[in-house]
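Each chain, letter by letter, is given below.
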Amino acid sequence: MQQAILIGPDTINRAAVAALLARAYGFDPHRVFDFEQIHLARAALTDQDTLVFVLYPAEADHHRCRQESSASGVTEHNNLIFLVTSLSGHDAQKILSHKPRGVVFLHEGVAHLHDVIFTVEGGRRAVSNSLTLSAWAARECPLTPREREVLTAAAAGSPPKEVATALGLATGTVRNHLAAIQSKLRTRSLVDSIRVAQGSGWIT
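Residues numbered from 1 in each chain as written. Predicted model: local features only at pLDDT ≥ 70, side-chain atom pairs only at ≥ 80, totals over all residues. Heavy atoms only, no water.

**Student:** If you had to explain the overall build of the protein to someone new, which residues and values would you point to?
**Tutor:** For the protein, the helix and strand inventory stands at 10 helices and five strands. The buried share of the protein, taken over its 204 residues, is 47%. For the protein, the share of sequence-separated contacts (at least 6 apart) that also reach a separation of at least 24 residues comes to 65%. Carbon together with sulfur atoms contributes 53% to the accessible area of the protein, which is approximately 10300 Å² in total. (Helix = DSSP H or I, 4+ residues; strand = E, 2+ residues; numbered from the N terminus. Buried < 20%, exposed > 50% of the residue type's maximum accessible area, 1.4 Å probe, protein only. Contact = heavy atoms within 4.5 Å. Areas by Shrake-Rupley, 256 points an atom, 1.4 Å probe, with all protein chains shown as cover.)

Below is the structure:
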């Protein structure tokens, strides 16, 4: 593997990715940086052939990290590979705006990571059509007005029973709305759904 750096928030995910790259590809674990250390990351870029892995976070500080990543300047590098744990259409738009050479969905496993790295090292792009379609679909909010009401109430910390009472709905109906929201946004949890909707400006 050619020289590489890893940029992302200090989380279990970052530690796991760094360990995997070190074990399987000879990656130097000292070339790992927070978004706040972007000046050090720039100094570590010896040339345009260096692979730059950007861990796209799904944690609570996702929005802050995304802003720092966008402003970093490292995203102008030629060999950007985004590592994502979950992805909304809005996230897809942000990632594609940096013209990445590769996008790795970490839940798809090591074989997928290997294929993307191999493709990028060979001078080709490894960005799936589904990412482009997700970005295109994000132009409009996929949620109904009622779903947005339910999600807004849930985002305020209200459990389904309280949301149901406040909106004059059955608790089961609220749960159905939350399940539909999760399906539409392709998220894995209520917290993730709230983050995606807030980040896209669909709820406050």
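Okay, back to it.
**Student:** Kindly report on the pattern of salt bridges, identifying the contributing residues and their values.
**Tutor:** Summed over all chains, the structure comprises five salt bridges. For Arg14, the salt bridge is made with Asp10, and the minimal N-O distance between the two is 3.4 Å. By relative accessible area, which is 63% here, Asp10 ends up exposed. Residue Lys184 pairs with Glu147 through a salt bridge whose shortest N-O separation is 2.9 Å. With Lys184 in helix 9 (residues 171–185) and Glu147 in helix 7 (residues 145–155), this residue pair connects regions lying 37 residues apart in the sequence. On the accessibility criterion, Lys184 (36% relative accessible area) is partly exposed. You can call Glu147 buried: its relative accessible area is 5%. Through salt bridges with shared partners, a single ionic network connects Asp10, Arg14 and Asp34. (Salt bridge = Lys/Arg side-chain N within 4 Å of Asp/Glu carboxyl O.)

**Student:** How would you summarise the side chain of Ser193 if you had to cite specific residues and measurements?
**Tutor:** As for its placement among the helices and strands, Ser193 is situated in helix 10 (residues 190–199). Accessibility expressed as a relative area gives 1% for Ser193, which makes it buried. Not counting residues up to four positions away in its chain, the partners in contact with Ser193 are Leu151, Ile181, Gln182, Leu185 and Thr187.

**Student:** Help me get a handle on the packing of helix 9 against helix 10, residues and values and all.
**Tutor:** The interhelical angle for the contact between helix 9 and helix 10, taken along N-to-C directions, is 60°, at an axis separation of 10 Å. In terms of axis orientation, helix 9 runs oblique to helix 10. Between helix 9 and helix 10 the crossing geometry is left-handed. Mapping the contact onto sequence places Leu178, Ile181, Gln182 and Leu185 in helix 9 and Leu190, Ser193 and Val196 in helix 10. (Axes fitted to C-alpha atoms, helices over the stretch in contact; angles between N-to-C directions. Parallel < 35°, antiparallel > 145°, perpendicular 65-115°, else oblique. Left-handed = near helix turned anticlockwise from the far one by under 90°.)

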